[in-house]
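Residue strings, one per chain:
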Amino acid sequence: MSKDCYDLIIVGAGVVGCAAAKAFAEDGRKVLLLERDLSEPDRIVGELMQPGGIQALKELGMEECVEGIDAIACYGYGVYRQGQLVDIPYSTNPSTGKQHRGMAFHHGRFIQNLRKSAAGTAGVTVKEMTVSNLIENDNDKVTGVVAYKADVEEKFYAPLTLVADGIFSKFRKDFTTRKTKITSHFVGLLMHDLELPFPQKGLVVIAKPSPILMYQIAPHDLRVLVDVPGETLPQADELKQYMLQVILPQLPPYMQDKFEKAIETERLRPMPSGFLPPTPNQRQGTLMLGDAFNIRSPLTGGGMTVALQDVLTVRELLSTQNVADFNETDLVVQATDALHWKRKSYSTSINVLAMSLYTLFAAQDKYLMVLQNGCFEYFKTQNLQGPVNLLSAVHPSPLLLVYHFFAVAVYSIFIMYKEGGLVNVPKNMYQSVIVLYTASVTILPYLWEEFKG
């Protein structure tokens, strides 16, 4: 094999690219990992990993990547709504007897550890170069990439190229005609030396018009993500006023002064939030994973968990035991086809939970508000092991998600009757049907998008 030929080329040294490089190299493949910029990334998402992601990281032998970066263990969430606060802890791992644990961290520090782990794996070559094109043969099969740095252009060849170039992927259009449906922007900022209501737990503020997410990413750094609805963001001055006039009054009173100070001193950084359902792989010689391939709301912090689980699934399907040589195109195609359906067992529940929960927490419609109120009251019951296991991705299941979602809908109707009293029973009988219909049109379209392939 010549110096410019590999078994696998990976475009993008983010979470997926680094994990896949290590996984395939340890399986005996010669891997080239290409990244346009190997300096530490500076992003406002990809900073909270659910327990399911931590488990996947351990299975990949990369658990040390969350060490030495001032990461903060996360053991659940608090939810704040209209002055009321509910504690939602993660469940206990029955195999260890210990509480499930997520991790929160500065994204860039974590990525640098992942890159170090990948680069230190025998069989992995890392190059700082920008991939400009995919190389195709006469049969439209991708056989490599064209990459450049400064004025120097090189061609690299491999029977399989994994594209993982992130949410703003330049190659997505070559794989799917689907577009990301942008629903809002999460605007990020840092607050310093502020304790959340429940130590080592994130906080979700159910505000109007949409939710706010907070979690500690370092001993002195608290990440705040304010969701701003709409496909476009207000101008800078207008956005600042929105934060001060609309968002600030809805936060817990003790943190309002520090939030106001952060608005004045910290950089407000937006990131689009939306939904991009996965598409079956249809290009020979290629595979697309990560945010380039599948996007969901950051509200539940499930993105990195899906990404790492995808790497584990691909590692199994394309192992040397199943596909000895990636030049065996038919076997590779069979494996990538199988990926689309095998990943449904975990990705569907994580994706659909993120989007449906966001819809509830950003409720404007009267009947969505009934569901939101019922959801918050359901949190108070503390009968949450099933929903929490879905949120933390330790027991992802599409069927369980549907069951618990409609259980919350029924409970919402119960709360509506309870709060309405006898005088409103006739009206509530009619409204119950609409609430169930609203629940259905909240979750089922996302399930359809996930499964229609």
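Procedures and definitions
Residues numbered from 1 in each chain as written. Predicted model: local features only at pLDDT ≥ 70, side-chain atom pairs only at ≥ 80, totals over all residues. Heavy atoms only, no water. Helix = DSSP H or I, 4+ residues; strand = E, 2+ residues; numbered from the N terminus. Contact = heavy atoms within 4.5 Å. Areas by Shrake-Rupley, 256 points an atom, 1.4 Å probe, with all protein chains shown as cover. Lys, Arg positive; Asp, Glu negative; His and termini not counted. Charge placed at Lys NZ, Arg CZ, Asp CG, Glu CD. UniProt positions renumbered as here; feature names shortened; annotations may be inferred. Axes fitted to C-alpha atoms, helices over the stretch in contact; angles between N-to-C directions. Parallel < 35°, antiparallel > 145°, perpendicular 65-115°, else oblique. Nonpolar A, V, L, I, M, F, W, Y, C, P; charged D, E, K, R; others polar. Salt bridge = Lys/Arg side-chain N within 4 Å of Asp/Glu carboxyl O. Buried < 20%, exposed > 50% of the residue type's maximum accessible area, 1.4 Å probe, protein only. Core = buried A, V, L, I, M, F, W, Y, C linked by side-chain atoms within 4.5 Å.

1. Details of the overall build of the protein chain
Line of reasoning, step 1. For the protein chain, the helix and strand inventory stands at 12 helices and 18 strands.
Line of reasoning, step 2. Taking the principal axes of the C-alpha coordinates as reference, the protein chain spans close to 80 × 45 × 45 Å.
Line of reasoning, step 3. Put simply, 75% of the contacts in the protein chain that link residues at least 6 apart link residues at least 24 apart.
Line of reasoning, step 4. Of the roughly 19,400 Å² of accessible surface on the protein chain, a fraction of 53% belongs to carbon and sulfur atoms.
Line of reasoning, step 5. Separation of charge centres in the protein chain, based on 42 positive and 47 negative side chains, amounts to 3 Å.

2. So, the UniProt feature "transmembrane region" (unreviewed entry) in the protein chain
Line of reasoning, step 1. Within this numbering scheme, the UniProt entry marks residues 399-417 and 429-448 as carrying the feature "transmembrane region" (unreviewed entry).
Line of reasoning, step 2. Secondary structure across residues 399-417 comprises 100% helix and 0% strand; the distance between its end C-alpha atoms is 27 Å.
Line of reasoning, step 3. Secondary structure content for residues 429-448 is 100% helix and 0% strand, and the end C-alpha separation is 29 Å.

3. Observations regarding the packing of helix 4 (residues 236-247) against helix 5 (residues 256-265)
Line of reasoning, step 1. Look at helix 4 against helix 5: their axes get within 10 Å of each other, and the N-to-C directions meet at 175°. Comparing the axis directions of helix 4 and helix 5 gives the class roughly antiparallel. Where helix 4 approaches helix 5, its residues Lys240, Met243, Leu244 and Ile247 are matched on the opposing element by Phe259, Glu260, Ile263 and Glu264.
Line of reasoning, step 2. Classifying every residue of the contact of helix 4 with helix 5 gives five nonpolar, no polar and three charged.

4. Here we look at the UniProt feature "domain: Squalene epoxidase" (unreviewed entry) in the protein chain
Line of reasoning, step 1. Taking the numbering used here, the UniProt-annotated feature "domain: Squalene epoxidase" (unreviewed entry) corresponds to residues 158-429.
Line of reasoning, step 2. Note that residues 158-429 is 44% helix and 17% strand, and that its end C-alpha atoms are spaced 63 Å apart.

5. Some details on the pattern of salt bridges
Line of reasoning, step 1. Applying the stated criterion across every chain, the model contains 14 salt bridges.
Line of reasoning, step 2. The salt bridge partner of Glu47 is Arg223, with a shortest N-O separation of 2.8 Å. On the criterion of sequence distance, the pair formed by Glu47 in the loop between strand 2 (31-35) and strand 3 (48-49) and Arg223 in strand 16 (residues 221-229) is long-range, its members being 176 residues apart. Of the two residues, Glu47 and Arg223, neither departs from the other in class, the shared state being buried.
Line of reasoning, step 3. Salt-bridge contacts for Asp70 lead to Arg109; the nearest nitrogen and oxygen are separated by 3.7 Å. Of this pair, Asp70 sits in the loop between helix 2 (51-59) and strand 4 (72-74) while Arg109 is found in helix 3 (residues 107-119), placing the two residues 39 residues apart along the sequence.
Line of reasoning, step 4. The class for Asp70 is partly exposed, based on a relative accessible area of 46%.

6. Section: the nonpolar core
Line of reasoning, step 1. Residues Leu34, Phe110, Leu114, Phe156, Leu162 and Leu318 are the most contacted members of the largest nonpolar core, which totals 68 residues.
Line of reasoning, step 2. Among the elements that take part in this core, helix 1 (residues 15-26) stands out by supplying nine residues, more than any other.
Line of reasoning, step 3. Within the second largest apolar cluster, 57 residues are counted, among which are Tyr77, Val204, Ile295 and Tyr367.

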